[in-house]
Amino acid sequence: MASQDRVVHPVIGPGHTFASVTDKISSIVLTTKTPIGWFVGFGIAFSLFMVFLATVSYLLVKGVGIWGVNVPVGWGFDIINFVWWIGIGHAGTLISAILLLLRQQWRTSINRFAEAMTLFAVACAGMYPILHMGRPWVGAYWLMPYPNTMGLWPNFKSPLVWDVFAVSTYATVSLLFWYVGLIPDLATLRDRAANRTVKIVYGFFAVGWRGSARHWANYEMAYLILAALSTPLVLSVHTVVSFDFAVGVIPGWHATIFPPYFVAGAIYAGFAMVLTLAIPLRKAYGLEDFITLRHIENMAKVMLATSLIVAYGYLMEAFMAWYSGNSYERFMMWNRMAGPYGWSYWALIFCNVIVINTLWIKALRTNVVYLFFISLVVSVGMWLERFVIIVTSLHRDFLPSSWGNYRGTIFDWSMFIGTIGLFLTLFFLFIRFLPTISIFEMRTLVPAAQPAEDKQ
Amino acid sequence: MSQEHVPSTPVTLEGVRRTGGQRRYWKSLDELADAPAFLEFLHREFPEQASMFQDPKGRREFMTLMGASLALAGLTACTKQPEETILPYVRQPEQLVPGRPLFFATATGHDGYARGILVESHEGRPTKIEGNPEHPASLGGTDVFGQAHVLGLYDPDRSKAVLYLGQQRTWGDFKAALREPLAKQQAKGGTGLRFLTGRNTSPTLAAQMRSLIAAFPGAKWTSWEPATRDNSRAGAVLAFGEPVEAQYRFERADVILSLEADFVAGHPASLRLVREFAARRKPAGETPEMSRVYVVEGSPTSSGASSDHRLALKSSEIEGFARAVAAELGVVVQGGVAHAWAAPVAKDLKRAGARALVMVGESQPPAVHAIGHAINEALGAVGSTVSYTAPAETAAGGEAQSLAALVAEMRQGVVEMLVILGSNPVYAAPVDLDIASALDKVPFRIHHGLGNDETAARSHWHLPASHPLESWGDLRAADGTVSIVQPLIAPLYHTLSELEVLAAFTEGEQKGHEILRAHWQDALGAADFEKRWNRALHDGVVAGTAFEAKALRVKPGAWASAGATPPPGSGLEIAFRTDPAVFDGRFANLGWLQELPKPLSKITWDNVALVSPKTAAELGGVKTEQTASGHVTELAELTLDGRSVVAPLWVLPGHADGAVTVHLGYGRTRAGRVGSGVGFNAYALRTSDAAWGRGGLQVRKTGGTTLIACTQDHWTMDATPHHQAEERHIVRSVTLAELAKDKHAIQKLGHEPAPGLSMYPPHEYKGHAWGMTIDMSACVGCNACVTACQSENNIPVVGKDQVGRGREMQWIRVDRYYEGTPENPETYHQPVVCMHCENAPCEVVCPVAATVHSDEGLNDMVYNRCVGTKYCSNNCPYKVRRFNFLLYQDWTTPTFKMLRNPEVTVRSRGVMEKCTYCVQRISRARIDAKNLGREIRDGEVVTACEAACPAQAIVFGDVNDPESRVSKLKAGDRNYGLLAELQTKPRTSYLGAVRNPNPEIPGAGSEGQQHG
Amino acid sequence: MSRPELYGLLAEFHSPEEIVKAAEAVHAAGYRKVDAYTPYPMEDVLDALHLHKTHVPKLALAGGLLGLAGGWALQYWASVIEYPMNIGGRPFNSWPAFIVPTFETTVLGAAFATVFGMLLLNGFPQPYHPVFNVKSFATASRDRFFLCIESRDPKFDRAMTRELLRGLGASEVSEVEP
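So, how was this worked out
Residues numbered from 1 in each chain as written. Chains lettered and ligands numbered in written order. Predicted model: local features only at pLDDT ≥ 70, side-chain atom pairs only at ≥ 80, totals over all residues. Heavy atoms only, no water. Helix = DSSP H or I, 4+ residues; strand = E, 2+ residues; numbered from the N terminus. Contact = heavy atoms within 4.5 Å. Areas by Shrake-Rupley, 256 points an atom, 1.4 Å probe, with all protein chains shown as cover. Axes fitted to C-alpha atoms, helices over the stretch in contact; angles between N-to-C directions. Parallel < 35°, antiparallel > 145°, perpendicular 65-115°, else oblique. Left-handed = near helix turned anticlockwise from the far one by under 90°. Nonpolar A, V, L, I, M, F, W, Y, C, P; charged D, E, K, R; others polar. Patch = residues over 30% accessible without salt bridge, like charges linked within 9 Å, V, L, I, M, F, W, Y side chains within 5 Å. Salt bridge = Lys/Arg side-chain N within 4 Å of Asp/Glu carboxyl O. Buried area = accessible area lost by both parts, 1.4 Å probe. Polar contact = N/O pair within 3.5 Å; in protein donor to acceptor, adjacent residues only side chain to side chain. Domains from an automatic or database assignment. Phe/Tyr/Trp six-rings, centres within 6.5 Å; stacked < 30°, edge-to-face > 60°. Buried < 20%, exposed > 50% of the residue type's maximum accessible area, 1.4 Å probe, protein only. Pairing = 2+ DSSP bridges. Expected span 1.5 Å × (residues − 1).

1. Observations concerning the overall build of chain B
- Helices and strands together make up the secondary structure of chain B, namely 35 helices and 38 strands.
- Of the contacts formed within chain B by residues at least 6 apart in sequence, a portion of 74% connects residues at least 24 apart.
- Only carbon and sulfur atoms are counted for the fraction: they give 57% of the accessible area of chain B, which is about 32400 Å².

Structure representation (structure tokens):
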């Protein structure tokens, strides 16, 4: 089947040689005249980033009271966005690690910027756990495993501390993985660069790579091991995030199905974001030969598959609420569907379960414009999922006397939009200064390299 | 304002002078004093920011006035003790241990009547009010007003300076200005001299007045309160020919019928009545017994909510019912209106005979009071459950008429000099008197009061009054017992007490202390006076001053024959009631009370027009929806006699149909930064002939809406089936019959988890293990615990906006649950404190171990470790945790620094807080016990809520000690844990509510079934 | 001994097939101080030069075990020995809760060991290397394949080795200054 697909859409356009691949990709970075479009995009992204900085400043001056959070709804946009961003990050690691282990060649051209996306998404996500605290100036480091002046340690029983471990490990390993993958390409850029300063900068980060067989031997092994490590890691991260809720006693949180369905949801959201980024990118830089319809379609298939898992999760939640016979659970589910926030539940079902199933049709699955639209719908849907889990579970818990309502304030929104700005800013810098596609791995795909491959 | 006034700014310079260390402020002070902002502050006129403490805008403005606090900074240091001897402080200086509070007995006047209190004083700063167990009107309990008494002392908007037409003057200036017109009055025998005070029970002040009248034979003294008791006085006159006070003994009564009498909140002896009521509502043992209470009322009250049978009748219809019941009992009356309940109620009363009791509320016309007296006599209750004594106030009854007469004289121009002491008629007098315009006809007007209020603004001279905690005085309780009011602290500002001001009219310069002692020297006689005086000061009551019971017979009269007075006017009936939080408006500037959720509606920072569901439907439906920023409800225009106000409509279950209840005390214009412009002014509709209500009200929806800060979801719980609360076994209640049948009836209502269910071994608690029980059968939902906790634990006031957003900070909340029909539901009050769960869900999730368990089982909150993730609050099934979303504490107002309890950390922005079981009190008891080399005894640790509770519904103690009261209660049959099925193992447990319905009452059977 | 005036000979090839053949031949000829430079990892070259053994896995394992032991020890020591606290009535040693952080520290340790181990074993960072002296070597990161025989090799002989490489179809054989 794989070979058949290759007939339909190859993983690389025809007529490419080692040289053409190398020059095409490195030229995007080494060119002296940055496309005007880049400046426009970066300008917009950066102004959104400014909105983020402004909001954070006001937040630190006034306190989290500027948001809509209250008692009983102690978490709002802050944690919703945290989970949303973390989820988006997952696709990157999945593509670069899991698909590598599964020897999926088509991953090659998208893993680089998918990994970059992971890093930037995690960076955005990381903002929220810190800034959602009442006293971030101390909270930022009091969660670290070290004894304070009173010899007091963090509480290792708390899922939030698990988050600290999981997310920081995830960020670190993703960064290492990304950098290791970059080394040979940095060497390429070093060797291609005309300007001496540029040469020195890339050379510095290339740490003296020369493509020696001995290097490749260690390198390949290291890369493989990193992939093997990242695979359980990426699964663990969203599992741990789901513990934030599953460990709680609140109806709608206290569910054992959370880990798998959070992970599936994360991959779902992640691939949606990859598409959101890849589709414009390949157009803008004429990379259709490297990010072919094959890639696009495969990602669409992954989304479809994960959407089914997520749908199963929704179904099980409802079923268990009824089957448990627990009046709190039953009311929680009833309240989700028919309560004041019922709209969010049905909107989420529409975005994550209904619309996506149009991808069974190949014509739609291979229509980039439609997929771009779908990817946005899924991103919205996944955001709503977190909204439903956090807000509708909290706002009506055990004692009717303490029920309340929640609405995000202008500052909730500006913070959210601001992190999108941060994300895009980093991404624009990335596509300008680093090869968005792994050059050396693309070389392995050009016809000239194939016979060498087949021999083994 | 020009320079020469600056030296006479009394607060600041005095404050500065008193503390040597502050001298260096002199220079800056003069500069400050120049700043108009600073002078404005001294005048404390904040019309534009008169909203809330916490309104950030307001506070920022306040920062600009920091100059003022610089000046006042002197104050915080100058807590000088009064020069006069008070006990035990000066006599036993060794008692003053720094860091150890002292307690002094004194009294607060509520509506004129004394309530004995003990005041906790830290290094000379009164910080907390407790009830005085030796005082007959307290018995150790307090109410919200008593608790807020101390906040009144430190109210930053109190008058600080003598004002003449709003300009600052000195007392010297005033006395000079008084001399000439007073001489004029002297000449003409004081025919133009009038005094207006609040209801007075002070023997000394009465004596002073007598001598004043003697000096000015033509002078007249009017005493008047907005919360008039004219009806009961007139009723007594109808029945007995004299305005006697009825003294009730609830603990002796098996059957109580209340005809719109709010014994929980609306009676001078409420605290005692609640204590006695609750004592008979805690059934236990093999043969549980309790009293049965019927309440007939138009506007739902806590009394009705705590009753066994509540009959919702319009105020005007109650007389007919009363006559019917009386007739059933063989009292010769006409005009009874048949009612299904009349016969069974009468039968029940008759069965109880001398152990029955009928009580009539102030809102009922005199005739009904007379009927009540007649029924009690017929039942033989007189001498058993009720007795009659002289009234405590100097001028009993006829307050409204005397005020009207005074106003008439003012209009005629007879009144040349009017002295208003501690009264605010411009705001609260019946609107038809239009006292404001009448005042303008008086050439020389003096107002003496705590605040520069509406009346002060209409007077030539405003004299700042000393707070009762700053001054000497005396007061009578409703049963006549006299309490000496002794100052805990020297006046914070240049203020004088009423006694001292009155002295200026006769003797001239005189200290309150001398006046008081002089009077009591005569009263008690010289024989070992010192000893008796000291005893009185120490105990807080003057022994043997309670009135003798009078032997009286009810005289037949017109009241019996006359039929029920027909409800005047057409249209809806309006009922005026004092507010459960701000009373008649005098407490409007006290944030604690403004932010107090009303017992039934749970509304804060507002008054509304309460209507029944049916009436609401007739008005075209009242739409109230809960939003993220508060409850949005509809506005309506209430019109009575062509006068109208716009008020928010609010549907209250159990309200009588065809009636509207409005609470007084809101819509003040000059209350201060907290109370001005809050709510609507119901006095604007209140006429002389409608002190408590009447018919003829027109209600028209304006189409507008408004935001109400309500701390509980609207009663309909529209989103959820109504039985949810029961399904969850949150409130558990059974009837006495069910309890007698099966002593475990309450426990069987829920599912307690099997012991040993946990996969972890339980923690061992050696030594003490603190726990609490809350008796839902005794709780009357009076909120005293809420305010007591706020006072004890330095809990900030957050303001309407924040409450609307669900960010109120009170550590205790009193949950209100309804069951049954919205037309006449059963109402339950459930105070919720931290459960101190042994398996606390909040602790596990805290990432920094900021909330952990102590080895005595307390769920401790470590503020300085908290980083504010709010995860604990999310994971708390009881939602008892409170978070400082913004900077709620007021760090700037100097007087609040004096108010705070030094034993409790003052929390700042970004940290979580919650009930600590008053850990500071536990520590104090532990230290005392250690010093004495013994264990802490049961009852030595009393939490603030427990101490305040007039019903003694809260019991705290060591659950490891099988002999402790709390252990015994927890072992009882009514004990259950809230949400215990979650295996949280709460240390706070509840004693299920028991109601004692009369099966013969129509519908009682069904009510019996609807238990939570 | 004095520094040799020559580091080695660098042969440039144009196709993967050539470099593989060349590598095999050179190894067969008994050269051992040989290295190949390719624009992408080529298994066959590694086979040809018998360069398969790498120590990275051992390092990764060691790092992982260190992370595992360290992570667990940290939590156990902090919450059971050094500052035990009654948190939510759970035992001090709530081992199920410790699993998560332990897992993360394990992964972290292994990852660090792998990456820095790899860099170490490759002798990075290494700003200077003789082969960089050859102008055309820049294309090693583009589309050219290089084979370098070092002068340290006992069988190395400037003329014969050059002939050998030429014979293997090297488009160009350049001398590498040390």
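Let's pick the thread back up.
2. Considerations on the packing of helix 4 (residues 77-101) of chain A against helix 9 (residues 213-246) of chain A
Residue and element names in this part refer to chain A.
- One way to put it is that helix 4 packs onto helix 9 with a least axis distance of 9 Å and a crossing angle of 155°. Relative to helix 9, the element helix 4 lies roughly antiparallel. Of the two elements, helix 4 crosses helix 9, and the hand of that crossing is left-handed. Within the contact between the two elements, helix 4 uses Ile79, Phe82, Val83, Ile86, Gly87, His90, Thr93, Ala97, Ile98, Leu100 and Leu101 and helix 9 uses Tyr223, Leu224, Ala227, Ala228, Ser230, Thr231, Val234, Val237, His238, Val241, Asp244 and Phe245.
- Looking at side-chain class alone, the contact of helix 4 with helix 9 contains 16 nonpolar, six polar and one charged residues.

3. Comments concerning a nonpolar patch on the surface
All names here are of chain C.
- A surface patch of nonpolar side chains, amounting to about 610 Å² of accessible area, comprises Trp72, Tyr76, Trp77, Ile81, Trp95 and Ile99.
- For the nonpolar patch, the secondary-structure elements that each account for two or more residues are helix 3 (56-82) and helix 4 (95-121).
- In terms of residue count, helix 3 provides more of the nonpolar patch than any other element does, four residues in total.
- Checked against the element boundaries, Trp95 lands in helix 4.

4. A closer look at the interface of chain A and chain B
- Between chain A and chain B, the contact holds 62 residues from the first and 59 residues from the second.
- Together, the buried faces of chain A and chain B total about 4800 Å²; carbon and sulfur atoms form 56% of this surface.
- Of all residues in chain A, Val71, Leu399 and Ser401 of chain A bury the most surface against chain B, accounting for 14% of the area lost on that side.
- If you look at where chain A meets chain B, you find one salt bridge.
- For Lys879 of chain B, the salt bridge identified is with Asp397 of chain A, shortest N-O distance 2.9 Å.
- Between the two partners, chain A and chain B, sit 31 residue pairs in polar contact (both at pLDDT 80 or more).
- Counting residues per element, the ones that place at least two in the side of chain A that touches chain B are helix 3 (36-62), helix 6 (136-142), helix 7 (159-192), helix 9 and helix 12 (327-338) of chain A.
- Looking at the side of chain A that touches chain B residue by residue, the class counts come to 37 nonpolar, 17 polar and eight charged.

5. Let's talk about the domain arrangement of chain C
- Split by domain assignment, chain C resolves into domain 1 (8-54 + 129-176) and domain 2 (56-121).
- Between the C-alpha centres of domain 1 of chain C and domain 2 of chain C there is a distance of 44 Å.

6. Observations concerning the packing of aromatic side chains
- If you walk through the whole model with that rule in mind, you get 79 aromatic pairs over all chains.
- Centroid distance Phe427 of chain A to Phe430 of chain A: 5.7 Å. Interplanar angle 55°. Geometry classified as tilted. Here the residue Phe427 of chain A and the residue Phe430 of chain A both occupy positions in helix 16 (residues 410-433), the gap between them amounting to three residues, near one helical turn. With respect to class, Phe427 of chain A is no different from Phe430 of chain A; both count as buried.
- Pairing Phe195 of chain B with Phe505 of chain B gives two aromatic rings, centres 5.5 Å apart and planes at 75°, and the pair type is edge-to-face. Of this pair, Phe195 of chain B sits in strand 6 (residues 193-197) while Phe505 of chain B sits in the loop between helix 19 (498-503) and helix 20 (512-524), and the two are 310 residues apart along the sequence.

7. What about the pattern of salt bridges?
Residue and element names in this part refer to chain B.
- Following the criterion strictly, the structure yields 78 salt bridges over all chains and no others.
- For Glu1000, the salt bridge identified is with Arg351, shortest N-O distance 3.3 Å. In this pair, Glu1000 is assigned in the loop between strand 38 (993-995) and helix 35 (1004-1009) and Arg351 in helix 13 (residues 342-352), connecting sequence segments 649 residues apart.
- Residue Glu1000 is classed as partly exposed on the basis of its relative accessible area of 36%.

8. So, the side chain of His655 of chain B
Residues and elements named next belong to chain B.
- If you trace the backbone, His655 turns up in the loop between strand 24 (643-651) and strand 25 (659-663).
- A distance of 3.5 Å separates the side chain of His655 from the backbone oxygen of Leu610, its partner in a polar contact.
- With sequence-adjacent residues up to four places away left out, His655 is seen in contact with Gly298, Ser299, Pro300, Ala312, Leu610, Val611, Ser612, Val660 and Thr661.

9. Here we look at the side chain of Thr108 of chain A
- Of note, Thr108 of chain A is situated in helix 5 (residues 108-131).
- Look past the residues within four positions of Thr108 of chain A in its chain and what remains in contact with it is Ser438, Glu441, Met442 and Leu445 of chain A.

10. Overview of the sheet that holds strand 15 (residues 444-449) of chain B
Residues and elements named next belong to chain B.
- Strand order across the open sheet formed by seven strands is 5-4-16-15-14-6-7, with mixed pairing between neighbours. The sheet terminates laterally at strand 5 (167-169) and strand 7 (220-223), the two strands that pair on one side only. Recorded for the sheet is a direction-independent mean angle of 20° between the axes of neighbouring strands.
- Examined bridge by bridge, strand 4 (residues 162-164) and strand 5 share three bridges and lie antiparallel to one another. If you follow Val162 over to strand 5, its bridge partner there is Arg169.
- Here helix 8 (residues 203-215) sits on the sheet in contact with strand 6, strand 7 and strand 14 (417-421), set at roughly 150° to strand 7.
- The strands that helix 15 (residues 399-412) touches are strand 6, strand 7 and strand 14; relative to strand 7, the one it contacts most, it runs at about 130°.

11. Re the environment of Ser141 of chain C
- Its place among the elements puts Ser141 of chain C in the loop between helix 4 and strand 3 (145-150).
- Since its relative accessible area comes to 9%, Ser141 of chain C is described here as buried.
- Residues within four places of Ser141 of chain C in sequence aside, it is in contact with Thr22, Ala187, Thr188, Asp191, Arg192 and Arg443 of chain A together with Pro39 of chain C.
- A polar contact of 3.4 Å, which involves the side chain of Ser141 of chain C, links it to the side chain of Arg192 of chain A.

12. Focus on the packing of helix 7 of chain A against helix 9 of chain A
Residues and elements named next belong to chain A.
- The interhelical angle for the contact between helix 7 and helix 9, taken along N-to-C directions, is 155°, at an axis separation of 9 Å. Viewed along their axes, helix 7 and helix 9 adopt a mutual orientation that is roughly antiparallel. Here helix 7 runs over helix 9; the crossing is left-handed.
- Tallied by class, the residues present in the contact of helix 7 with helix 9 amount to 21 nonpolar, three polar and two charged.

13. Digging into helix 5 of chain A
- Spanning 24 residues, helix 5 of chain A covers 36 Å between terminal C-alpha atoms, matching the ideal 34 Å at 1.5 Å per step.
- With 19 of 24 residues buried, helix 5 of chain A is to be regarded as a mostly interior element.

14. Thoughts on the pairing of strand 30 (residues 826-832) of chain B
Residues and elements named next belong to chain B.
- Here strand 30 lies mainly inside the structure; seven of its seven residues are buried.
- Side-chain alternation along strand 30 places Glu826, Tyr828, Gln830 and Val832 on one buried face and Thr827, His829 and Pro831 on a second face that is also buried.
- Two strands pair when backbone bridges link them, and strand 29 (residues 813-819) and strand 30 are joined in this way by seven bridges, in the antiparallel orientation. Residue pairing across strands places Arg816 opposite His829, the latter belonging to strand 30.
- If you look at the hairpin formed by strand 29 and strand 30, you'll find six residues sitting between the two strands, and Gly820 has a positive phi there, around 90°.

15. Re the interface of chain B and chain C
- The partner chain C presents ten residues to the twelve residues of chain B that form the contact.
- Across the interface of chain B and chain C, roughly 1000 Å² is buried in total on both sides, 65% from carbon and sulfur atoms.
- It is Tyr760, His763 and Val844 of chain B in chain B that bury the most area against chain C; as a group they hold 52% of the surface buried on that side.
- The interface formed by chain B and chain C contains zero salt bridges.
- Our count for the contact surface shared by chain B and chain C stands at five residue pairs in polar contact (both at pLDDT 80 or more).
- Those elements that place two or more of their residues in the side of chain B that touches chain C are helix 29 (841-845) and strand 31 (851-853) of chain B.
- Class assignment of the residues belonging to the side of chain B that touches chain C gives a composition of seven nonpolar, three polar and two charged.

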